[in-house]
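Here's the letter readout for the chains.
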Amino acid sequence: MASGVDVDSECLNVFQDLKLKKKYAYIVYKLSDDMKQIVIDQAVEKGTYEEFIKSLPKDDCRWAVYDFVYNTSDGERHKILFYSWSPDTARIKSKMVYAASKDALRKKCDGVFTEIQCTDLSEVAFQTVHDKVNRMSA
Amino acid sequence: MAPGTFPSGGDDVSAIVLDPGSSWTRAGWAGEDMPRSVFPSYVGMNSDHSTSVSSSAAMEEDDLVVDGMFSRRRPKNPRYSVGENVVGTWRPNFELTNPFRDGLVQDWDIFEQLIDHALYDLLRADPAQHPILFTEPAWNSRDVREKLTEIMFETYNVPAFFIAKDAVLSAFAHGKASGLVVNSGGATTSVVPVYEGYAIKKALSKQMIGGDFLSNQARLTLQQHYNIQITPQYLVKRKAFVDPGKAPEAVYYDRPSTASSFHRYQVLRTINDWKETVCQVSEVFFHEESLAGRPAKSYEFPNGANNTFGADRFRIPEIMFDPRLSIPDSESPVPSDALGLQQLVQNSIQSCDPDIRTVMYGSIILTGGNTCFAGFTDRMSNELSRIAPGPKLRVQAVGSTAERRFSSWIGGSILASLGTFHQLWISRQEYEENGKQFVEKRCQ
């Protein structure tokens, strides 16, 4: 079941730039104010993981795509991760519409390694995500 | 007109959201925060002798119906009475009945009385003017869904219709496209994995241990441990204060020809109040001796019988986690395959594809009135971390009792109010072109 919310075509363009051209470190998406479309909140060219976490609002939902870089014994690795950020303090309407609309955006982002469904900072923490990526790559 | 749209003269017409459950039916307008009305899913059967005795609430409603502002599409069937006040008012030979079995509609005639009451008496709406969104349990049958679709378009003449799985609505309302929805209501407790907005039917588990079962167990406990016979308010004319544990000294009404179903319903309501006031779930493994040291709570029944309740106030909800604690009762026996809720959860998750089990453990959502006992959420986390020590656990339950009891209605209300959702409704045109079978395709 879905909400019928549409994805603005620019969302896909910046995703392609992140994926193919490595132009962005991360992209944060949001619902438009009229709740009809998914639009870009911010597309950040250079930013740390801490800055990414800070860009997630305390009391509202977002989606994000992060070009996750980590080191292994074989060298540096890139994985594209998709985040659904839905803190408990967000309004129920926001939680509902974000959850029901996620698939519309997600299915357009081809080449995502895994998804992170998160409700608090411990679930987006670098170490938590790193562990998950490692576990899945093993 | 684009497929799935429905005519709405310029301004958007509000949709109606109906969330019928085995104990309560929730009804209201899409876009509102809470249902306008929550009424018992019981219908009173008027005997020949009692049709003339109508409660003032029912009279008032009849007056408004003829007042010209609004006309009921169908006249009230004098055989039936619906509504909290009406089904709660004693009359001779007044039987109460409930249209659901195992959470599914079984008696359509009775079910339509609930819909009529919600639409005509409470919302005062003409269903021909408003799209209607229904909720359904994940295990609803194809027959029931098709029949409901047919009734909505043929009998109620709705312009558009949708039916949404209550587990999916609850997951969404908690901000999750994927998660495990544990719903414990009056009749049924179910565990439904939701993945990417769809209920995984093959992995759901459920059993008939819910609030009503616990209430019956409470009745037996009060009788056997405290010598308290539940006497509902309708029988009590005047109560007297007596010391705890002493026999009540109340004055009772003579109520001959009371229907047994009416009495049972009243007993249930009385016990529900006791449960909600004194019962609590032990946060850790149930241990009678240590719980006896926790503060006891006192409670006075309508006839004045009163006592303080210690370990027993933990024992009743404990049956959810350990059904073997039940007192044997031939009228409401423990299902032979009954499992503790933690085991039900574990079984459901193990029936899911291995790839998604971690997601399920990480997003366990509690909903339904029977999960509102203090301590329930903590206990659930503790039990699960004991039987599934590996994965990262997260048991989520919203703070407010109302949101927990109404999460599927609220979810439906938000969804049905979205402008973009219009394309998902089954329109009248689509129904006429494709028939009732279309519901299987559109509402998955």
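Residues numbered from 1 in each chain as written. Chains lettered and ligands numbered in written order. Predicted model: local features only at pLDDT ≥ 70, side-chain atom pairs only at ≥ 80, totals over all residues. Heavy atoms only, no water.

**Student:** When you look at the overall build of chain A in this model, what are you seeing that I'm missing?
**Tutor:** Helices and strands together make up the secondary structure of chain A, namely five helices and six strands. Taken over the C-alpha trace, chain A has a radius of gyration of 14 Å; the compact-globule value for 138 residues is 14 Å, and the two agree within 12%. Over its C-alpha atoms, taken along the principal directions, chain A stretches across nearly 45 × 30 × 30 Å. Within the span of chain A, comprising 138 residues, buried residues form 49% of the whole. By sequence separation, contacts in chain A at least 24 residues apart represent 60% of the contacts at least 6 residues apart. Accessible surface, chain A: about 6,600 Å² in total, of which carbon and sulfur atoms supply 47%. (Helix = DSSP H or I, 4+ residues; strand = E, 2+ residues; numbered from the N terminus. Rg over C-alpha atoms; globule rule 2.2 N^0.38 Å. Buried < 20%, exposed > 50% of the residue type's maximum accessible area, 1.4 Å probe, protein only. Contact = heavy atoms within 4.5 Å. Areas by Shrake-Rupley, 256 points an atom, 1.4 Å probe, with all protein chains shown as cover.)

**Student:** What's the story with the packing of helix α6 (residues 211–226) of chain B against helix α7 (residues 260–278) of chain B in this structure? I'm lost.
**Tutor:** How two helices pack is summed up by the angle between their axes together with the distance between the axes. All names here are of chain B. Between α6 and α7, the least distance of the axes is 9 Å, while the angle of their chain directions is 85 degrees. The angle between α6 and α7 places the two elements in the roughly perpendicular class. The residues of α7 that touch α6, namely those facing Gly211, Asp212, Leu214, Ser215, Ala218, Arg219 and Leu222, are Val267, Leu268, Ile271, Asn272, Trp274 and Lys275. Class assignment for the residues of the contact of α6 with α7 results in seven nonpolar, three polar and three charged. (Axes fitted to C-alpha atoms, helices over the stretch in contact; angles between N-to-C directions. Parallel < 35°, antiparallel > 145°, perpendicular 65-115°, else oblique. Nonpolar A, V, L, I, M, F, W, Y, C, P; charged D, E, K, R; others polar.)

**Student:** Help me understand the sheet that holds strand β21 (residues 426–427) of chain B, please; the structure alone is not making it clear to me.
**Tutor:** Adjacent strands of a sheet form backbone hydrogen bonds with each other and so pair up, either parallel or antiparallel. All names here are of chain B. Strand order in the open sheet formed by six strands is β3-β2-β1-β9-β10-β21, with mixed pairing between adjacent strands. Of all strands in the sheet, those with a lone pairing partner are β3 (37–40) and β21, marking the two edges. In the packing of helix α3 (residues 108–122) onto the sheet, the strands contacted are β1 (16–20), β2 (24–29), β3 and β9 (132–136), and the crossing angle to β3 comes to about 145 degrees. Sheet strands in contact with helix α4 (residues 142–154) are β9, β10 (160–165) and β21, and its direction is about 155 degrees off that of β10. (Pairing = 2+ DSSP bridges.)

**Student:** Is there a simple way to think about the nonpolar core in this case?
**Tutor:** The nonpolar side chains of a soluble globular protein tend to be buried, and buried together. If you look at the biggest cluster of nonpolar residues, it comprises 96 residues, and the most contacted ones within it are Tyr29 of chain A together with Phe134 and Phe161 of chain B. No other element matches the eight residues that α3 of chain B contributes to this core. Filtering out sequence-adjacent residues up to four positions away, Phe161 of chain B remains in contact with Ile132, Phe134, Leu148, Thr149, Met152, Phe153, Trp425, Ile426 and Val439 of chain B. Phe213, Leu214, Phe301 and Leu341 of chain B belong to the second largest nonpolar core, which has 44 residues in total. (Core = buried A, V, L, I, M, F, W, Y, C linked by side-chain atoms within 4.5 Å.)

**Student:** I tried to follow the environment of Trp24 of chain B on my own but got confused; where do I start?
**Tutor:** Residue and element names in this part refer to chain B. Among the structural elements, Trp24 can be located in strand β2. Look at Trp24 and you get partly exposed, because its relative accessible area is 22%. Residues Trp24 and Pro40, spaced 16 residues apart in sequence, show a C-alpha to C-alpha distance of 4.4 Å. When neighbours within four sequence positions are excluded, Trp24 is seen to be in contact with Asp19, Val38, Phe39, Pro40, Ser41, Glu84, Arg269 and Arg405.

**Student:** Is there a simple way to think about the side chain of Asp166 of chain B in this case?
**Tutor:** Within the secondary structure, Asp166 of chain B is located in helix α5 (residues 166–173). One buried charged residue, Asp166 of chain B, forms no salt bridge at all, with the nearest opposite charge on Arg26 of chain B at 6.9 Å. (Lys, Arg positive; Asp, Glu negative; His and termini not counted. Salt bridge = Lys/Arg side-chain N within 4 Å of Asp/Glu carboxyl O.)

**Student:** Got a minute to help me understand the packing of aromatic side chains in this structure?
**Tutor:** Each pair of aromatic rings is reported with the distance of its centres and the angle of its planes. Residues and elements named next belong to chain A. The final tally for this structure, using the stated rule, is 27 aromatic pairs over all chains. Where Phe52 meets Tyr66, the ring centres are 4.9 Å apart and the plane angle is 45 degrees; that geometry is what we call tilted. One end of the pair, Phe52, is in helix α2 (residues 49–54); the other, Tyr66, is in strand β4 (residues 62–72), with 14 residues separating them in the sequence. When sorted by exposure, Phe52 lands in the same class as Tyr66, which is buried. (Phe/Tyr/Trp six-rings, centres within 6.5 Å; stacked < 30°, edge-to-face > 60°.)

**Student:** What's the story with the interface of chain B and chain A in this structure? I'm lost.
**Tutor:** Quoted interface sizes are often the accessible area lost when the parts come together. Between chain B and chain A, the residue contacts involve 31 residues of the former and 23 residues of the latter. Both faces considered, chain B and chain A share a buried interface measuring about 2,400 Å² in area, 59% of it formed by carbon and sulfur atoms. Summed over the shared surface of chain B and chain A, the result is four salt bridges. Across the salt bridge formed by Lys102 of chain A and Glu196 of chain B, the nearest N and O atoms sit 2.5 Å from each other. Taken together, the connections running from chain B to chain A amount to 13 residue pairs in polar contact (both at pLDDT 80 or more). Where the side of chain B that touches chain A is concerned, the elements lending two or more residues are β10, α5, α11 (357–362) and α13 (401–417) of chain B. With five residues, the single largest contributor to the side of chain B that touches chain A is α13 of chain B. Within the side of chain B that touches chain A, the residues separate by chemical class into 15 nonpolar, eleven polar and five charged. (Buried area = accessible area lost by both parts, 1.4 Å probe. Polar contact = N/O pair within 3.5 Å; in protein donor to acceptor, adjacent residues only side chain to side chain.)

**Student:** Is there a simple way to think about helix α10 (residues 341–350) of chain B in this case?
**Tutor:** Given 3.6 residues per turn, any residue in an α-helix points the same way as the ones three and four places further on. All names here are of chain B. Most of α10 sits inside the fold, with seven of its ten residues counted as buried. Along α10, the residues classified as buried are Leu341, Gln342, Leu344, Val345, Gln346, Ser348 and Ile349. Check the buried side of α10 and you find it contacts β11 (179–184), β12 (189–195), β14 (205–207), α11, β19 (364–367) and α12 (376–387).

**Student:** Explanation requested: the state of the cysteines in the structure shown.
**Tutor:** Residue and element names in this part refer to chain A. Tallying each qualifying case throughout the model produces zero disulfides over all chains. Not part of a disulfide, Cys11 finds its nearest cysteine sulfur in Cys109, a span of 8.1 Å. Here Cys118 is not disulfide-linked; the sulfur of Cys61 is the nearest cysteine sulfur, at 10 Å. (Disulfide = S-S within 2.5 Å.)

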